[in-house]
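Structural features, examined
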Amino acid sequence: MAQKRWKTPGSRNYQPLRVILTLLVVVLLALIVYFLPPVHERLAWRVDEVRADIYYFFNPPEQNAFSPQQQAEMQAVVNQTQTAIAPTLTATLVPTLTPTNYISPTPTQTPTATPTPTPIPDAVRLEGVVYEKQHFNNCGPANLSMALSYWGWEGDQTITAQYLKPNSKDRNVMPYEMVDFVRTQTEYSAILRYGGDLDILKKFIAAGFPVLIERGFKEEVPNEYWMGHYQVLTGYDENDAVFIAQDSYVYADYPNKFERIERHWRSFNYAFIVIYPPDKENEVFTILGPHVDETFNYQYAAQKAARETTELTGDNLFFAWFNYGTSLQLLNDYYGAAQAYDTAFNDILNEMYEGIDPFYRIMWYQTGPYFAYYYTGRYQDLINLTTKTLNSSFEPAIEETWVWQGRGKVAFGDIEGAIEDFREALAWHPGWWVAEAELETLGVVP
């Protein structure tokens, strides 16, 4: 009988096991190195970019444009309302050069009278902003910390991010959140307004106030669809027709033509934020003039957007109608806002691009249509839009959309589904008071 030979660890049959173990060790070491903060900061965005490319290859977000379906239901409600209040009919919601609802708005608050300011110079460049290259997906916190640095604030984008987006994958920071940070976490104040123009930007810069704007961002990223972005404007030059921007994504002192700023700024209803020390508030109010009053400002922005719907074409026309809806929503005119958004989505975007949506990210940054459809009882349109928005991101880190989807589900009686959505919102933005309040309303502990 042949003697049985035992395999030894050094035998040839153990070579595959050694290779596997070696590979596992290498992978483990690579993971350890990858998650070291300096390395992770440099590589994480590249990994996410690859993941996003794979996701979007199999799920092209631009191929399914949103199409409102409940306009007829809303129109029936509007007609009933008009009949009920006859003979005084509701003003038409189709804009003219001076929309019927918002002719000659009168401010309820005016700044302290001061002498007429002297003409602004042809060129100004403010010094003192500490430039920061943004970390991955950190545009909002980086630009806010840069704007604050001009006034001597010593933090950086890691500090602002802790408050604005505790989960670094959160897709966006809203302008009001930045204003809240300034007012509650620093010694400074801030004001947010809409419907701005190039002149008011120059006036603030000439007076020594950098201006933080929210704008579209496309041409700087070839072969990429439209996205939102912030910039801090610190100078201008009339001779070259440029603003000087501290751009956290591109580089410091980045020149942008006046026309380019205006075109991309339109994507966000010409929103701007001015940060200032409290003792300079009267200077800020003087430059704003009647726009100190929020209602006046919203009415003015509505007029501006309405006028642009009669003047512009192409992509700009889409944003003009969208902005008109946003301004009406800010004025609590939800029926008018819903009609404006319907026009933007259906009559402009869908017809122009035949169902392709190059602006699929717009709901990552702006929530006006959610307000409009919810408060006009168009819950199915709301759910359809939130679903499309969440599906448009390879990671649905859009807490505002989760909350609005949850509100839509509550309206339909799907309480369990709504609770899941509100908790999902908190997963992407831990401690967010809006989602917590929704859960508490349902008797659920956040």
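Please refer to the structure higher up on the page.
Heads up: these notes are all about the structure in this document. Not measured: the values here are computed from a predicted model.

A few words now on the overall build of the protein. The number of helices and strands found in the protein is 18 helices and seven strands. Pairs at least 24 residues apart make up 67% of the contacts formed inside the protein by residues separated by at least 6 positions. Accessible surface for the protein amounts to roughly 21800 Å². Of this, 56% is attributable to carbon and sulfur atoms.

Here we come to the packing of helix α4 (residues 139-149) against helix α6 (residues 175-185). With their axes 11 Å apart at the nearest point, α4 and α6 run at an angle of 40° to one another. Classified by the interaxial angle, the pair formed by α4 and α6 is oblique. Crossing hand, α4 versus α6: right-handed. Seen from α4, the contacting residues are G140, L144 and L148; seen from α6, they are M178, F181 and V182. Tallied by class, residues from the contact of α4 with α6 come to five nonpolar, one polar and no charged.

What follows covers the layout of surface pockets. In this structure, the second largest pocket spans a volume of roughly 750 Å³. In this structure, the second largest pocket is lined by 29 residues; those nearest its centre are Y176, Y194, L330, T367 and F371. Going through the elements one at a time, α6, β2 (189-193), α10 (294-309), α11 (314-330), α14 (368-374), α16 (399-411) and α18 (433-441) are the ones with two or more residues in the lining of the second largest pocket. Counting residues per element, the lining of the second largest pocket draws most heavily on α6, at five residues.

Next up on the list: the packing of aromatic side chains. In total, this model carries 40 aromatic pairs according to the counting rule given. Ring centres of F318 and F319 lie 5.1 Å apart, and the angle between their planes is 65°; on these two criteria the pair is classed as edge-to-face. Looking at F319, the relative accessible area reads 4%, which means it is buried. Over the ring of Y270 we find K304, and its NZ or CZ is 3.7 Å from the ring centre. In this structure, R407 is placed above the aromatic ring of W404, and the distance from its NZ or CZ to the ring centre is 4.4 Å.

With that out of the way, let us pick up empty space enclosed by the protein. Applying the stated criterion to the full structure yields one cavity of 30 Å³ or more. Approximately 80 Å³ is the volume found for the largest cavity. Around the largest cavity, the lining residues are F66, F318, F345, L349, D357, F359, Y360, I362, M363, L385, K388 and T389. Listed by contribution, the elements that provide at least two residues to the lining of the largest cavity are α12 (334-353), α13 (362-365) and α15 (379-391). Per-element accounting of the lining of the largest cavity gives the leading share, three residues, to α15. Class assignment for the residues of the lining of the largest cavity results in nine nonpolar, one polar and two charged.

Let us now look at helix α7 (residues 198-206). Those residues of α7 not exposed but buried are L198, I200, L201, K202, F204 and I205. Two to three positions downstream of the cap, the backbone nitrogen of D199 sits 3.2 Å from a side-chain oxygen, assigning the N-cap of α7 to D197. Where α7 terminates, the next one or two residues include G208, which has phi positive at roughly 95°.

Okay, the environment of A435 next. When you line up the elements, A435 lands in helix α18. As a C-alpha pair, A435 and F422 span 13 residues in sequence and 5.3 Å in three-dimensional space.

Of all 11 residues in α4, 11 are buried, a share of seventy percent or more. Looking at α4, one finds that the buried residues are C139, G140, P141, A142, N143, L144, S145, M146, A147, L148 and S149. Where α4 is buried, its residues contact α5 (157-164), α6, β3 (211-217), β4 (227-237), β5 (242-246) and β7 (272-276).

This brings us to a nonpolar patch on the surface. Nonpolar side chains collect at one region of the surface, where L17, I20, L21 and L24 lie side by side and expose about 380 Å² of accessible area between them. Position of L17 relative to the elements: it lies in helix α1 (residues 15-34). Residue L17 is classed as partly exposed on the basis of its relative accessible area, which comes to 42%.

A few words now on the side chain of H229. With respect to the secondary-structure elements, H229 resides in strand β4. Among the residues examined, H229 registers a relative accessible area of 5% and is labelled buried. A polar contact of 3.0 Å, which involves the side chain of H229, links it to the side chain of D247. Contacts of H229, omitting those with residues within four sequence positions, involve Q134, C139, I213, E214, R215, F217, D247, S248 and Y249.

Turning our attention to the nonpolar core. Formed by 91 residues in total, the largest nonpolar core has its most connected members in F204, I275 and F318. In terms of residues, this core owes the most to one element, α12, which gives eight residues. Sequence-distant contacts of F318, defined by excluding residues within four places in its chain, comprise A344, F345, I348, L349, F359 and I362. With 15 residues, the next largest nonpolar core counts L390, W402, I419 and L426 among its residues.

About the thresholds
- Residues numbered from 1 in each chain as written.
- Predicted model: local features only at pLDDT ≥ 70, side-chain atom pairs only at ≥ 80, totals over all residues.
- Heavy atoms only, no water.
- Helix = DSSP H or I, 4+ residues; strand = E, 2+ residues; numbered from the N terminus.
- Contact = heavy atoms within 4.5 Å.
- Areas by Shrake-Rupley, 256 points an atom, 1.4 Å probe, with all protein chains shown as cover.
- Axes fitted to C-alpha atoms, helices over the stretch in contact; angles between N-to-C directions.
- Parallel < 35°, antiparallel > 145°, perpendicular 65-115°, else oblique.
- Left-handed = near helix turned anticlockwise from the far one by under 90°.
- Nonpolar A, V, L, I, M, F, W, Y, C, P; charged D, E, K, R; others polar.
- 1 Å grid on protein atoms, 1.4 Å probe; cavity = no way out; pocket = protein on both sides within 12 Å on 5 of 7 lines; lining within 4 Å.
- Points joined across faces, edges and corners; volume = space filled by probe spheres on them.
- Phe/Tyr/Trp six-rings, centres within 6.5 Å; stacked < 30°, edge-to-face > 60°.
- Buried < 20%, exposed > 50% of the residue type's maximum accessible area, 1.4 Å probe, protein only.
- Lys NZ or Arg CZ within 6 Å of the ring centre and 35° of its normal.
- Polar contact = N/O pair within 3.5 Å; in protein donor to acceptor, adjacent residues only side chain to side chain.
- Patch = residues over 30% accessible without salt bridge, like charges linked within 9 Å, V, L, I, M, F, W, Y side chains within 5 Å.
- Salt bridge = Lys/Arg side-chain N within 4 Å of Asp/Glu carboxyl O.
- Core = buried A, V, L, I, M, F, W, Y, C linked by side-chain atoms within 4.5 Å.

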